[in-house]
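Each chain, letter by letter, is given below.
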Amino acid sequence: MKATYHKYMLEFKVPSGTSRGIMTEKETWFIVLEENGKTGIGECGILRGLSADDRDDYEEKLKWACENIHLGEIALWESLLEFPSIQFGIEMAFLSLKSENPYLLFPSDFTRNSKSIVINGLVWMGEAAFMKQQIEDKLANGFDCIKLKIGAIDFDKELELLQYIRSHFSAEQIEIRVDANGAFALNEALDKLNQLNRFELHSIEQPIKKGNIQAMKDLCLETPFPIALDEELIGIFSLEEKESLLKKIKPQYIILKPSFVGGFRGTQEWITLAEKYNIGWWITSALESNIGLNAIAQWTFLQNSPMPQGLGTGALYTNNFDCPLEVSKGQLWYNNSKNWDSEILSKVTY
């Protein structure tokens, strides 16, 4: 078996804002396996500045993984514990290699285009007018669950945006999730949650920065509406650490990005623990290309979660790869009448 790795820069159609700044491009890496005339491809979806494996030796570890591909998927996964995005890329590449179609990893009613995945519509941070336009676009496109990135503009303006939505749509009509990306100061967080509560929000992701375990525990205990941990899960590698975190904080929800938590195996560990402690969960992409998003969506469908998932990021880039994934009326479909880009491998390995 031959394994190679390749860097690819995804270019945003529109600069995308978070509380950590504006993104115009996103780095990703692909692992390509070749054996007996077959090819498998996996995506290592690193997000610089956020991923646990954003380290100086990242490429060195990719090279090591490819040179030691003979060790096999399980041994490599165990050896790459501190490199969750590479774990996921390896896992995906082996699944791709074993499949008749390198992009059909988990055949199901989803990949047969008879069932869909309900997703949230993502509204990026920006000036109030820009966010308002995005909100109107999502509502016009049939989403009944929207997720707003907050924490970058004036908080009063963000409250006005939420008031705008609620003046037109009730909580029964539109579910609103907000994501603060850790933007709230510790001494202001509970007050801001109380101000947000009047808009009947579904949940808020990561209101304060990760690592403030006691403060997050207190917030989850006192919050007027549910808190979902996101960044808090990053860098928690062992099963014992995962269980300890959930037992201490007792969040209402956790959000799982396979590229951040060790692929499908790592995600499944979190799900098992969450269900043990009666904690809700949903799965989101981490700005992967359509190759990674495709694998995540196919696996997510098999988990039978009734909640809207965070998988609507395929249209963000100018140089993404054509694929059957299609968003329609707030749902992700696998449209078999659309083909995969026949030039993927040449583009990736260029």
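Reading guide: rules and limits
Residues numbered from 1 in each chain as written. Predicted model: local features only at pLDDT ≥ 70, side-chain atom pairs only at ≥ 80, totals over all residues. Heavy atoms only, no water. Pairing = 2+ DSSP bridges. Helix = DSSP H or I, 4+ residues; strand = E, 2+ residues; numbered from the N terminus. Axes fitted to C-alpha atoms, helices over the stretch in contact; angles between N-to-C directions. Phe/Tyr/Trp six-rings, centres within 6.5 Å; stacked < 30°, edge-to-face > 60°. Buried < 20%, exposed > 50% of the residue type's maximum accessible area, 1.4 Å probe, protein only. Contact = heavy atoms within 4.5 Å. 1 Å grid on protein atoms, 1.4 Å probe; cavity = no way out; pocket = protein on both sides within 12 Å on 5 of 7 lines; lining within 4 Å. Points joined across faces, edges and corners; volume = space filled by probe spheres on them. Nonpolar A, V, L, I, M, F, W, Y, C, P; charged D, E, K, R; others polar. Salt bridge = Lys/Arg side-chain N within 4 Å of Asp/Glu carboxyl O. Polar contact = N/O pair within 3.5 Å; in protein donor to acceptor, adjacent residues only side chain to side chain.

- As recorded by an unreviewed UniProt entry, the protein chain carries the name O-succinylbenzoate synthase and is attributed to Flavobacterium branchiicola.

Here we look at the sheet that holds strand E5 (residues 121–123)
- Read from one edge to the other, the open sheet built from seven strands follows the order E5-E6-E7-E8-E9-E10-E11, with strand pairing classed as parallel. The two strands at the open ends of the sheet, each matched to only one other strand, are E5 and strand E11 (280–283). Strand-to-strand twist across the sheet, computed as the mean angle between neighbouring axes with direction ignored, equals 25°.
- Here strand E6 (residues 145–149) pairs with strand E7 (residues 175–179) via five bridges, running parallel. Bridge assignment links Ile 146 to a residue of E7, and that residue is Ile 176.

As for the packing of aromatic side chains
- This structure, assessed with the given rule, holds 15 aromatic pairs.
- With a centroid separation of 5.9 Å and an interplanar angle of 75°, the aromatic rings of Phe 30 and Phe 321 are classed as edge-to-face. Taken together, the positions of Phe 30 in strand E2 (residues 21–35) and Phe 321 in the loop between helix H11 (290–302) and strand E12 (325–328) put the pair 291 residues apart, joining distant regions of the chain. Of the two residues examined, Phe 30 and Phe 321, each falls in the buried class.
- Ring centres of Phe 264 and Trp 299 lie 4.9 Å apart, and the angle between their planes is 20°; on these two criteria the pair is classed as stacked. Here Phe 264 is found in helix H10 (residues 263–276), whereas its partner Trp 299 is found in helix H11, with 35 residues between them in sequence. Of the two residues examined, Phe 264 and Trp 299, each falls in the buried class.

Describing the side chain of Gln 134
- Looking at where Gln 134 falls in the secondary structure, it is placed in helix H4 (residues 128–140).
- On the basis of relative accessibility, which here comes to 10%, the residue Gln 134 falls in the buried class.
- Leave out the neighbours within four places in its chain, and Gln 134 touches Leu 122, Val 123 and Trp 124.

With respect to empty space enclosed by the protein
- Per the stated rule, a full pass over the model turns up one cavity of 30 Å³ or more.
- A volume near 70 Å³ is recorded for the largest cavity.
- Forming the walls of the largest cavity are Trp 77, Leu 81, Pro 84, Gln 87, Ile 236, Phe 237, Lys 242, Phe 260, Val 261, Gly 262, Gly 266 and Glu 269.
- If you list the elements that add at least two residues to the lining of the largest cavity, you get helix H3 (84–98), helix H9 (258–261) and H10.
- Partitioning the lining of the largest cavity into residue classes produces seven nonpolar, three polar and two charged.

Overview of the pattern of salt bridges
- Scanning all chains against the criterion turns up 21 salt bridges.
- Measuring nitrogen to oxygen at the nearest pair gives 3.6 Å for the salt bridge that ties Glu 188 to Lys 192.
- Note on Glu 188: relative accessible area 37%, which makes it partly exposed.
- Three or more residues joined by partner-sharing salt bridges are found here, namely Glu 73, Glu 91, Lys 98 and Arg 265.

Description of the side chain of Asn 290
- With respect to the secondary-structure elements, Asn 290 resides in helix H11.
- At 2.8 Å, the side chain of Asn 290 forms a polar contact with the backbone oxygen of Phe 321.
- Dropping the residues within four chain positions of it, Asn 290 is found in contact with Gly 314, Asn 320, Phe 321, Cys 323, Leu 325 and Trp 340.

Looking at the pairing of E12
- Here E12 pairs with strand E13 (residues 331–334) via four bridges, running antiparallel. Paired with Glu 326 across the bridge in E13 is Trp 333.
- If you look at the hairpin formed by E12 and E13, you'll find two residues sitting between the two strands, and Lys 329 has a positive phi there, around 50°.

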